[in-house]
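Results of the structural survey
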Amino acid sequence: MNERKALLVGGSGFLGSAVAAHLAAQGWELTIPTRRRERVRHLLVLPTVDVVEADVHDPAVLAELVAGQDAVVNLVGVLHSREGRPWGSQFEAAHVALPKKIVAACKARGVGRLVHVSALGADPAGPSGYQRSKAAGEAAVRAGAPEVGGTLLRPSVVFGPGDRFVNLFASLLGVFPLLPLAGAATRFQPVYVEDVARVVARCLVDPATVGQTFELAGPQVYTLAELVAYVGRLTGHPRPVIGLPPALGMLQAALMEWLPNPPMSRDNVRSLSVDNVASGPPLPLGLVPTPLETVAPGWLAGAGLRGRYGEFRRIAARGY
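Residues numbered from 1 in each chain as written. Predicted model: local features only at pLDDT ≥ 70, side-chain atom pairs only at ≥ 80, totals over all residues. Heavy atoms only, no water.

1. Some details on the overall build of the chain
Applicable threshold: By definition, any uninterrupted DSSP run of H or I lasting at least four residues is a helix, any uninterrupted run of E lasting at least two residues is a strand, and each is numbered from the N terminus. Each radius of gyration is computed over the set of C-alpha atoms, and the globule rule expresses the reference value as 2.2 Å times the number of residues to the power 0.38. Between buried and exposed lies partly exposed: a residue is buried under 20% and exposed over 50% of the maximum accessible area for its type, with that area taken using a 1.4 Å probe on protein chains only.
Tallying secondary structure elements over the chain gives 12 helices and 13 strands in all. Taken over the C-alpha trace, the chain has a radius of gyration of 19 Å; the compact-globule value for 320 residues is 20 Å, and the two agree within 12%. Projecting the C-alpha coordinates of the chain onto the three principal axes gives extents of approximately 55 × 40 × 40 Å. The buried share of the chain, reckoned over its 320 residues, is 52%.

2. Some words on the nonpolar core
Nonpolar side chains in soluble globular proteins tend to end up buried together. Rule in force here: We call a set of buried residues a nonpolar core when its members are Ala, Val, Leu, Ile, Met, Phe, Trp, Tyr or Cys and they connect through side-chain atoms within 4.5 Å of each other. What makes two residues a contact is simply this: any of their non-hydrogen atoms within 4.5 Å.
Core analysis: the largest hydrophobic core is formed by 67 residues, its most contacted members being Leu8, Leu30 and Leu153. Among the elements that line this core, the one with the most residues is helix α7 (residues 193-205), at eight residues. Apart from the residues within four sequence positions on either side, Leu153 is in contact with Val115, His116, Val117, Ser118, Ala119, Val199, Val200, Cys203, Phe214 and Leu216. Residues Leu65, Val66, Val76 and Val111 belong to the second largest nonpolar core, which totals 20 residues.

3. Observations concerning helix α1 (residues 14-25)
Our working rule: Take the residue count of a helix, subtract one, and multiply by 1.5 Å to get its expected span.
Its 12 residues place the ends of α1 17 Å apart at the C-alpha level, agreeing with the 16 Å of an ideal helix rising 1.5 Å per residue. Of the residues making up α1, those classed as buried are Leu15, Gly16, Ser17, Ala18, Val19, Ala20, Leu23 and Ala24. Where α1 is buried, its residues touch β1 (4-9), β2 (28-34), α2 (41-44), β5 (113-117) and α7. Just past α1, the residue Gly27 takes up positive phi, approximately 90°.

4. Thoughts on the environment of Ala254
With respect to the element layout, Ala254 can be found in helix α9 (residues 246-256). Sequence spacing of Ala254 and Val269 is 15 residues, and the spatial spacing of their C-alpha atoms is 9.9 Å.

5. Regarding the pattern of salt bridges
Inclusion rule: Take a side-chain nitrogen of Lys or Arg and a carboxyl oxygen of Asp or Glu: if they are within 4 Å of each other, that pair is a salt bridge.
Scanning the model with the defined rule gives eight salt bridges in all. Between Arg109 and Glu64 there is a salt bridge, with the nearest N and O atoms lying 2.4 Å from each other. With Arg109 in helix α4 (residues 89-109) and Glu64 in helix α3 (residues 59-66), the pair connects residues that are 45 residues apart, well separated along the chain. For Arg109, a relative accessible area of 37% translates into the label partly exposed.

6. Notes on the side chain of His95
For clarity, the threshold we go by: Two N or O atoms form a polar contact when they lie within 3.5 Å of each other; inside protein one atom must be a possible hydrogen donor and the other a possible acceptor, and for residues adjacent in sequence the pair counts only when both atoms belong to side chains.
Mapped onto the fold, His95 is located in helix α4. A residue is classified by how much of its surface remains accessible, and His95, at 2% relative accessible area, is buried. Here the side chain of His95 touches Ser133 through a polar contact of 2.9 Å, side chain to side chain. Setting aside its immediate chain neighbours within four residues, His95 contacts Val76, Gly77, Val78, Tyr130, Ser133, Lys134 and Gly137.

7. Points about the sheet that holds strand β6 (residues 149-155)
The condition that has to hold: Any two strands between which DSSP finds at least two bridges are classified as paired. Here an angle of 0 to 180 degrees is reported between the N-to-C directions of two axes, which are lines fitted to C-alpha atoms, with helices fitted over the stretch in contact.
The strand order across the open sheet formed by seven strands is β3-β2-β1-β4-β5-β6-β11, and the pairing between neighbours is parallel. At either end of the open sheet lies a strand with only one pairing partner, and these are β3 (49-53) and β11 (213-216). Ignoring strand direction, the axes of neighbouring strands in this sheet form an average angle of 20°. Two strands pair when backbone bridges link them, and β1 and β2 are joined in this way by four bridges, in the parallel orientation. What sits directly across from Ala6, in β2, is Leu30.

8. Some points on the side chain of Thr31
For Thr31, the location among the structural elements is in strand β2. Overall, the relative accessible area of 15% leaves Thr31 in the buried class. At a separation of 3.4 Å, a polar atom in the side chain of Thr31 contacts the side chain of Gln69. Excluding anything up to four places from it in sequence, Thr31 contacts Ala6, Leu7, Leu8, Asp50, Val52, Leu65 and Gln69.

9. Comments concerning the environment of Ala20
Secondary-structure assignment places Ala20 in helix α1. Overall, Ala20 belongs to the buried group, its relative accessible area being 0%. Along the chain, Ala20 and Lys101 lie 81 residues apart, while their C-alpha atoms are 22 Å from each other. Contacts of Ala20, omitting those with residues within four sequence positions, involve Leu8, Leu30, Ile32, Leu43 and Leu46.

10. Some thoughts on the pairing of strand β4 (residues 71-74)
Defined as follows: Crossovers are described as right-handed under a simple rule: with the strands pointing away from the observer, the path leading from the first strand over the helix to the second runs clockwise.
Where burial is concerned, the two faces of β4 agree: the one with Ala71 and Val73 and the one with Val72 and Asn74 are both buried. Looking at chain direction, β1 and β4 are connected through four bridges and run parallel. Counterpart to Leu8 in the pairing with β4 is Val73. Taken together, the three bridges between β4 and β5 define a ladder with parallel strand orientation. In the sheet register, Asn74 faces β5, and the bridge partner there is His116. As for the winding sense of the linkage, the β-α-β connection from β4 through α4 to β5 is right-handed.

Structure follows, in structure tokens:
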């Protein structure tokens with residue numbers, strides 16, 4: 001096998017760790033930048049991974065990281081930002097400015113391949129700053145062509161051990177006797193983290209995916225209330241789910257924004273005003289999606305209350 005090298009920007013997170021494991025198993029030599037090396041010890045056991053402390057938002061640092069790579073994978077995304085138009089400052093830095101810097105670094109260093117993980121629902125006219133900023137990041141990647149051949153991936157909410165979605169609700173259900181919920185009727189098509197990693201790996205070696213945009217979803221559509229109810233049954237904490245009207249949902253989120261690491265924001269509620277489902281086949285390239293029901297019981301069923309409290313603290317510490 002020819003030696004292949006890739007830079008994983010955002011490779012130290014939940015999704016990035018799965019992508020790193022898949023690529024390392026295929027023999028890729030990976031560089032993964034992180035702000036704190038000691039927080040990603042789980043990646044150090046992968047024999048082809050080099051974890052480096054670096055600020056990827058610094059264009060000079062980013063250019064050095066990109067140098068000598070065969071490809072770049074951008075996995076950076078945030079769910080919360082200060083309010084702003086057309087989006088807040090955190091969304092600007094992570095979703096808009098960083099993709100522009102990555103494309104510029106690829107051009108400067110002659111790296112012609114970029115896989116960019118965006119989000120299902122990215123839309124320049126979307127109701128939330130999250131959706132609009134994700135669309136702007138996609139536009140930055142497209143603007144890099146033809147020097148930088150980009151592939152855009154749009155996953156729905158990603159689930160798996162350590163996720164920021166299913167595990168958050170599992171923790172909340174273990175604490176509160178009922179759950180008032182904004183966007184309870186919003187439909188989702190959650191995708192397994194390992195399936196997303198498989199798609200990233202396939203795109204890196206398939207030249208036919210250059211210039212393509214792929215939606216990534218699971219095989220089943222659920223309302224948010226149905227998802228929360230299912231998680232409650234698995235964890236042994238079934239709770240009443242009370243759907244909130246939009247005005248009350250916005251009020252609840254506004255109050256939560258005063259918390260150090262809020263589980264919900266007003267921008268999240270705006271995102272919940274539209275469904276988050278695929279417009280076609282759930283996965284590209286002939287891949288078969290993994291049902292939530294086949295894997296969620298493995299890490300949720302039988303979990304103790306102490307474990308759920310620990311998970312809640314861990315999620316809160318890193319942000320929802």
